[in-house]
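What the coordinates show
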Amino acid sequence: SQTIHQWPATLVQPVGSPLSLECTVEGTSNPNLYWYRQAAGRGLQLLFYSVGIGQISSEVPQNLSASRPQDRQFILSSKKLLLSDSGFYLCAWSGRTDLNQPQHFGDGTRLSIL
Amino acid sequence: QQQVKQSPQSLIVQKGGIPIINCAYENTAFDYFPWYQQFPGKGPALLIAIRPDVSEKKEGRFTISFNKSAKQFSLHIMDSQPGDSATYFCAAKTGRRALTFGSGTRLQVQP
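Keep in mind that what you see is a predicted model, and the values were worked out from it rather than measured.

1. Details of the overall build of chain A
A count of helices and strands for chain A gives 0 helices and 11 strands. Here chain A has a C-alpha radius of gyration of 14 Å; the compact-globule value for 114 residues is 13 Å, and the two agree. Structurally, chain A occupies a C-alpha span of about 40 × 30 × 20 Å along its principal axes. For chain A, the residues scored as buried account for 48% of the 114 residues in total. Long-range pairs, those at least 24 residues apart, make up 55% of the contacts in chain A between residues at least 6 apart in sequence. Accessible area for chain A stands at about 5,400 Å²; split by element, carbon and sulfur atoms hold 51% of it. The centroid of the 8 positive side-chain charges in chain A is displaced by 9 Å from the centroid of its 7 negative side-chain charges.

So, in structure tokens, the structure goes:
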């Protein structure tokens, strides 16, 4: 069966520090991968999605970047964190063999910027 | 046009009640409408999904009603239980694009 792992689960970082959040998927090949951010009490905002290694689409201009160095690895990064980067970051994957594949989410990373 | 509007923002029902959460959309190209359930500190989990060629889909105590002409769909939870207390998100997508989510409904089922 397929599983998705995100780490760390929680992270507290000072303003101006770098960020690296990692997401890996097991049990599937060539997945579509997504990064979302969820502000407290709000819906999910799509940040990046990837349909293949090295292929990244950005949905909103921001202080963050994403990379996909391997088929089942998706990394969310920042060179200098801002206070507004605080939130709950979720990675998701979906299969590519069917147009209506559901997205499956990891358990997220709670990021607090001080 | 990519928005999905969800209501209510929060909902409190008694055990055994039938909470109803509504969503509306504008983009007629949307062709897949899932509902997700999220518990605190966890990622959203797929609950049930429907395609626009079906007016209703039922899985256990969860039912989606879909009105294509009104561009609305709703989630009904039959015989709700305290364990159903969570945040529920509707979503929609077209083709291979990512999901567009509603803003969420916090449901509380009182014992």
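And the narrative resumes.
2. Here we look at the sheet that holds strand 1 (residues 3–7) of chain A
Residue and element names in this part refer to chain A. Strand order in the open sheet made by the 4 strands is 1-3-8-7, with antiparallel pairing throughout. The open sheet terminates on both sides in strands that have one partner only, identified here as strand 1 and strand 7 (65–70). Neighbour-to-neighbour, the strand axes of the sheet open up by a mean angle of 20 degrees, direction not taken into account. Direction of pairing for strand 7 relative to strand 8 (residues 73–78): antiparallel, over a ladder of 4 bridges. When the bridges of strand 8 are listed, Ala-66 appears paired with Leu-76.

3. Considering the environment of Arg110(A)
Residues and elements named next belong to chain A. Considering the arrangement of structural elements, one finds Arg-110 in strand 11 (residues 109–113). Overall, Arg-110 belongs to the partly exposed group, its relative accessible area being 37%. Expressed as a C-alpha distance, the spacing of Arg-110 and Ala-9, which sit 101 residues apart in the sequence, is 6.2 Å. The contacts of Arg-110, once residues within four sequence positions are left out, are Ala-9, Thr-10, Leu-11, Gly-87 and Phe-88.

4. What about the packing of aromatic side chains?
Throughout the structure, instances matching the rule amount to 18 aromatic pairs over all chains. Between Phe105(A) and Tyr36(B), the ring centres sit 5.5 Å apart and the planes meet at 90 degrees, which makes this aromatic pair edge-to-face. With one member in each of two chains, Phe105(A) in strand 10 (residues 104–105) and Tyr36(B) in strand 4 (residues 33–38) form a pair that bridges those chains. By relative accessible area, which is 0% here, Tyr36(B) ends up buried. With a centroid separation of 6.2 Å and an interplanar angle of 35 degrees, the aromatic rings of Phe66(B) and Phe73(B) are classed as tilted. Judged by relative accessible area, which is 7%, Phe66(B) ranks as buried. Linked through ring pairs, Tyr34(A), Tyr36(A), Tyr49(A), Phe105(A), Tyr36(B), Phe89(B) and Phe101(B) together constitute an aromatic cluster. When the ring centre of Phe88(A) is taken as origin, the NZ or CZ atom of Arg110(A), which lies over that ring, is 4.4 Å away.

5. Section: the interface of chain A and chain B
With 20 residues of chain A at the interface, the matching set in chain B holds 20 residues. Counting the surface lost from both chain A and chain B, the interface buries some 1,700 Å², and carbon and sulfur atoms represent 51% of this. For the pair chain A and chain B, the interface holds 1 salt bridge. Ionic pairing is found between Lys42(B) and Asp107(A), a salt bridge with its closest N-O pair at 3.5 Å.

Rules used in this analysis
- Residues numbered from 1 in each chain as written.
- Chains lettered and ligands numbered in written order.
- Predicted model: local features only at pLDDT ≥ 70, side-chain atom pairs only at ≥ 80, totals over all residues.
- Heavy atoms only, no water.
- Helix = DSSP H or I, 4+ residues; strand = E, 2+ residues; numbered from the N terminus.
- Rg over C-alpha atoms; globule rule 2.2 N^0.38 Å.
- Buried < 20%, exposed > 50% of the residue type's maximum accessible area, 1.4 Å probe, protein only.
- Contact = heavy atoms within 4.5 Å.
- Areas by Shrake-Rupley, 256 points an atom, 1.4 Å probe, with all protein chains shown as cover.
- Lys, Arg positive; Asp, Glu negative; His and termini not counted.
- Charge placed at Lys NZ, Arg CZ, Asp CG, Glu CD.
- Pairing = 2+ DSSP bridges.
- Axes fitted to C-alpha atoms, helices over the stretch in contact; angles between N-to-C directions.
- Phe/Tyr/Trp six-rings, centres within 6.5 Å; stacked < 30°, edge-to-face > 60°.
- Lys NZ or Arg CZ within 6 Å of the ring centre and 35° of its normal.
- Buried area = accessible area lost by both parts, 1.4 Å probe.
- Salt bridge = Lys/Arg side-chain N within 4 Å of Asp/Glu carboxyl O.

Just geometry here; none of it tells us what the structure is for.
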